[in-house]
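# Survey of secondary and tertiary structure
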Amino acid sequence: MLKIDQLVASYGKVRVLHGITLQVKKGALVALIGSNGAGKTTTLRAISGMLRPQSGSVQLGDAEIAGKPAYEIARRGLAHSPEGRRVFPTLPVRDNLELGAYPRLTGARTKGDVAADIERMYELFPRLRERRGQLAGTLSGGEQQMLAMARALMLSPEVLLLDEPSMGLSPKLVEEVFATIARLKAAGITMLLVEQFAAAALEVADFAYVLENGKIALSGEAAKMRDDPAVRAAYLGGGH
Amino acid sequence: MQIFLQLVVSGISVGMIYGVIAFGYQLTFATSKTLNFGQGEALMTGALVGLTTINFLIGNHFGVSVAFILMIPVVLLFGACQGSVVEWLGVRQAIKTKSEAGWIMATIALGIIFKNLAENIWGRDALKFPSPLPEASLDIGGIRIQPMEVAIVIGALLMMLAVEVFNRTSIYGKAVVATSNDRDAAQLMGINTGRVITFSYALSSMTAALAGVLVAPVTLTGASMGAVLGLKAFAVAIIGGLSSGLGVVVGGLILGIVETLTGFYVSTGYKDVPGLVLLLIVLSVKPSGLFGKSAIKKV
Ligand SMILES: Nc1ncnc2c1ncn2[C@@H]1O[C@H](COP(=O)(O)OP(=O)(O)O)[C@@H](O)[C@H]1O
Ligand SMILES: [Mg+2]
């Protein structure tokens, strides 16, 4: 569904991604793990068009999307829940969700039943229903994270990119977020998940890539990686 | 007391005009962190295009009131086109290259060009604009009000209300607010933020053009009517808040009232002084951070 080949990206003159190659099959949950500063966020930004890649290919389904503007990539069905949540603070929760479906509401994408999908989001995240009239800027960090995920899902995406959905959350909320991700996977949603909580990510993922200094250092089935003593020592330390 | 009240009432309509122009500054600043320093010229060209249109209609045997109403869509359309051109020629490239000064120089230059064009087409003299309402003042408890002054206040408020309703209820309006909140995140929603910025320029010049034909029957119109209005409204926008809110209406009203008071108690020759002094104060109190530090960086 998503196929990335030799993706290279830079900030100004500093090259951050040195040719990333990875794949996410339809319906799969793929984890992209690695330490702080490895280039995980940059990878997602280069895929969704927030950052224009210098070279390499990004295929969504059969279409080449590398170098296209972010809004066009979103209209083709790639949803990106970005690092730091980035909800729209001066708009109510409900409007944030509606904006997630912007391409559907404006004829750029099959419409479906947007109201029913908002209802489904309220079922998936009951806190959002309670807060639906509240401005997103006044939500707690955990609630904002739920809103960011729900907003991305409102696209009815072909692929969903999630950048550290657990960031800054209490352990209990982290558990909740991972439970939600497992539920989305069961619902058949194709996902690329970036996480620092490597152990938890490998727990839910089918396949995983380890990123190190802008290169893929390791890849394999998540279950195998989880049990590999070398991986455990190098990436799963710290008791997560 | 009677005179004082009279002056306050007279100040309200001109204050509303400042408010509307300042509102126009807000519209583009919200989405792009840039603004059109030719906003006063947008008002002026709108008024002059309106003048030609209304005279044409009157020449074709329409009554003045009907002609005025028929003229408004023409003026709005013209304003929208003019604003789009300003964004296209003056602002888009500066945003792309993150140039901090580019859009300032470009919008000032475009304003001067519009003024020169207007001088060549309509001449340098002030022209009389046909009034759609009776010009005789109404007498309300001893205070005299021109019907057109009431129309200015109502027209200005309706226009701002219309923009607010659009932003709050339609998906396109919400896309404008989303772009103002976070341009990158808005792009991730599939919103073409470049087009939203063009739209906000179009809307901004549209409001200025409408303000132009509202104020023209009370004052006079001419190629030089915009510059001072644009400058004073800029001071109002800085004080009232560039990002949003009704501060600009309050600021505009205060300035309008102070001006009529100055005109009466000091001298009509000094009528423009309070607004320009206000501008100087604003520029000296907030020398570096006129647009807010983070704002400039985000451009
Ligand atoms: N906006 C930016 N400008 C310049 N360098 C950046 C920017 N964002 C990230 N970097 C650098 O790129 C590298 C990768 O960062 P990032 O993709 O955020 O890593 P991760 O998400 O894995 O923590 C880091 O060295 C970081 O300092
Ligand atoms: Mg990151």
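Residues numbered from 1 in each chain as written. Chains lettered and ligands numbered in written order. Predicted model: local features only at pLDDT ≥ 70, side-chain atom pairs only at ≥ 80, totals over all residues. Heavy atoms only, no water.

### So, the overall build of chain A
This is how the line gets drawn: By definition, any uninterrupted DSSP run of H or I lasting at least four residues is a helix, any uninterrupted run of E lasting at least two residues is a strand, and each is numbered from the N terminus. The globule rule is 2.2 Å times the number of residues to the power 0.38, and the radius of gyration it is compared with is taken over C-alpha atoms. For every residue, the accessible area obtained with a 1.4 Å probe (protein chains only) is divided by the maximum for its type, and the residue is called buried under 20%, exposed over 50%, and partly exposed between those limits. All accessible areas in this document rest on Shrake-Rupley with a 1.4 Å probe, and a residue is counted as covered only by the protein chains that are shown. We count Lys and Arg on the positive side and Asp and Glu on the negative side, and we leave His and both chain ends out. For charged residues, the charge sits on one atom: NZ in Lys, CZ in Arg, CG in Asp, CD in Glu.
In terms of helices and strands, chain A carries 11 helices and 10 strands. Compactness check: chain A gives a C-alpha radius of gyration of 17 Å against a globular reference of 18 Å for 240 residues, within 12% of the reference. Counting only C-alpha atoms and orienting by the principal axes, one finds that chain A spans roughly 50 × 40 × 30 Å. When each of the 240 residues of chain A is scored for burial, the buried share is 52%. Put simply, chain A shows about 10,200 Å² of open surface, and 49% of that area lies on carbon and sulfur atoms. Of note, chain A has its 30 positive side-chain charges centred 4 Å away from the centre of its 25 negative side-chain charges.

### Describing the site of ligand 1
All names here are of chain A. The cut-off we apply is this: Whether a residue is near a molecule or strand depends on its heavy atoms: if one lies within 4 Å, it is near. Polar contacts, as counted here, are pairs of nitrogen or oxygen atoms within 3.5 Å of one another; within protein the pair requires one atom able to donate a hydrogen and one able to accept it, and residues that are adjacent in sequence qualify only if both atoms are side-chain atoms. Residues were grouped as follows: Ala, Val, Leu, Ile, Met, Phe, Trp, Tyr, Cys and Pro as nonpolar; Asp, Glu, Lys and Arg as charged; and all remaining residues, including Gly, as polar.
Taken together, Tyr-11, Val-16, Ser-35, Asn-36, Gly-37, Ala-38, Gly-39, Lys-40, Thr-41 and Thr-42 make up the full set of residues adjacent to ligand 1. Within the side chain of Asn-36, an N or O atom sits 3.3 Å from an oxygen atom of ligand 1. One of the backbone N or O atoms of Gly-37 is found 2.7 Å from an oxygen atom in ligand 1. Burial of ligand 1 by the protein amounts to 56% of the accessible area it has alone, namely 560 Å². Of all the elements, helix H1 (residues 40–48) adds the most residues to the shell around ligand 1, at three residues. Of the residues contributing to the shell around ligand 1, the split by class is three nonpolar, six polar and one charged.

### Quick word on the packing of aromatic side chains
All names here are of chain B. What counts here: In summary, the pairing rule links any two rings of Phe, Tyr or Trp, Trp by its six-membered ring, whose centres are within 6.5 Å, and it sorts them by plane angle into stacked for under 30 degrees, edge-to-face for over 60 and tilted for everything else.
Under the counting rule described, the total for this entry stands at eight aromatic pairs over all chains. A ring pair is formed by Phe-68 and Phe-129, whose centres lie 6.3 Å apart and whose planes are at 80 degrees; its orientation type is edge-to-face. Here Phe-68 is found in helix H3 (residues 64–96), whereas its partner Phe-129 is found in the loop between helix H4 (102–122) and strand E1 (138–140), with 61 residues between them in sequence. The burial state of Phe-68 is the same as that of Phe-129; both residues are buried.

### Here we look at the domain arrangement of chain A
Residues and elements named next belong to chain A. Definition in use: What marks off one domain from the next here is an automatic or database domain assignment. It only takes one pair of heavy atoms within 4.5 Å for two residues to be counted as in contact. Buried area: the accessible area, evaluated with a 1.4 Å probe, that two parts lose upon being put together, summed over both parts. Think of a salt bridge as a Lys or Arg side-chain nitrogen and an Asp or Glu carboxyl oxygen that are within 4 Å of each other.
Taken domain by domain, chain A holds domain 1 (1–77 + 159–166 + 190–240) and domain 2 (79–156). Taken together, the 16 residues of domain 1 in the interface contact 15 residues of domain 2. Summing both partners gives a buried area of about 1,300 Å² for domain 1 against domain 2, and 58% of it is carried by carbon and sulfur. Of all residues in domain 1, the largest losses of buried area upon contact with domain 2 belong to Arg-75, Leu-160 and Asp-163, amounting jointly to 37% of the total for that side. On the surface where domain 1 and domain 2 come into contact, there are zero salt bridges. In this assembly, domain 1 and domain 2 are joined by six residue pairs in polar contact (both at pLDDT 80 or more). Put simply, the parts of the chain that give the side of domain 1 that touches domain 2 at least two residues each are H1, helix H2 (70–75) and strand E7 (159–163). At five residues, E7 tops the list of elements feeding residues into the side of domain 1 that touches domain 2. Residue composition of the side of domain 1 that touches domain 2, by class: eight nonpolar, three polar and five charged.

### Topic: the pattern of salt bridges
Across all of its chains, the model carries 20 salt bridges over all chains by this definition. The salt bridge involving Asp182(B) is made with Arg86(A); its shortest N-O contact spans 2.6 Å. In this pair, Asp182(B) sits in the loop between helix H6 (171–181) and helix H7 (183–188) while Arg86(A) sits in the loop between strand E6 (78–81) and helix H3 (93–100), so the two residues belong to two different chains. With a relative accessible area of 26%, Arg86(A) lands in the partly exposed category. For Asp206(A), the salt bridge identified is with Lys185(A), shortest N-O distance 2.8 Å. With Asp206(A) in the loop between helix H9 (198–204) and strand E9 (207–212) and Lys185(A) in helix H8 (residues 171–186), this residue pair connects regions lying 21 residues apart in the sequence.

### Overview of the coordination of the magnesium ion (ligand 2)
Residues and elements named next belong to chain A. To keep things clear, this is the line we draw: Listed donor atoms are N, O and S within 2.8 Å of the metal (Na, K and Ca: 3.2 Å). As water is not included, a site may look incomplete.
Surrounding the magnesium ion (ligand 2) are the protein donor atoms Thr-41 (OG1) and Glu-83 (OE), at 2.0 to 2.2 Å. With Thr-41 in helix H1 and Glu-83 in the loop between E6 and H3, the pair connects residues that are 42 residues apart, well separated along the chain. According to the relative accessible area criterion, Glu-83 is partly exposed, its value standing at 32%.

### Quick look at H8(A)
Counting along an α-helix, one turn takes 3.6 residues, and residues three or four places apart therefore face a common direction. Residues and elements named next belong to chain A. The condition that has to hold: An expected span of 1.5 Å times one less than the residue number is assigned to each helix. An arc is given here, and it is the one of the directions from the helix axis to the C-beta atoms.
Helix length check: H8, at 16 residues, gives a terminal C-alpha distance of 23 Å against a target of 22 Å (1.5 Å per residue), a fit within 8%. For H8, the full list of buried residues reads Val-174, Val-177, Phe-178, Thr-180, Ile-181 and Leu-184. In a view along the axis of H8, the buried residues occupy a sector of 155 degrees, so they form one face of it. Across from the buried face of H8, at angles greater than 90 degrees, the exposed residues are Pro-171, Lys-172, Glu-175 and Ala-186. Contacts made by the buried residues of H8 are with strand E3 (29–33), helix H5 (114–124), helix H7 (141–153), E7, strand E8 (191–195) and H9.

### Here we look at the pairing of E7(A)
Residue and element names in this part refer to chain A. Operational definition: By the convention used here, strands pair only if DSSP detects at least 2 bridges between them. Clockwise travel from the first strand over the helix to the second, with the strands pointing away from the viewer, marks a crossover as right-handed.
For E7, the buried fraction is high: five of the five residues fall into the buried class. The alternating pattern of E7 places Val-159, Leu-161 and Asp-163 and Leu-160 and Leu-162 on opposite faces, both of which are buried. Here E7 pairs with E8 via four bridges, running parallel. Within E8, the position partnered with Leu-161 by the bridge is Leu-192. At this point the chain moves from E7, through H8, to the parallel E8, and the crossover so formed is right-handed.

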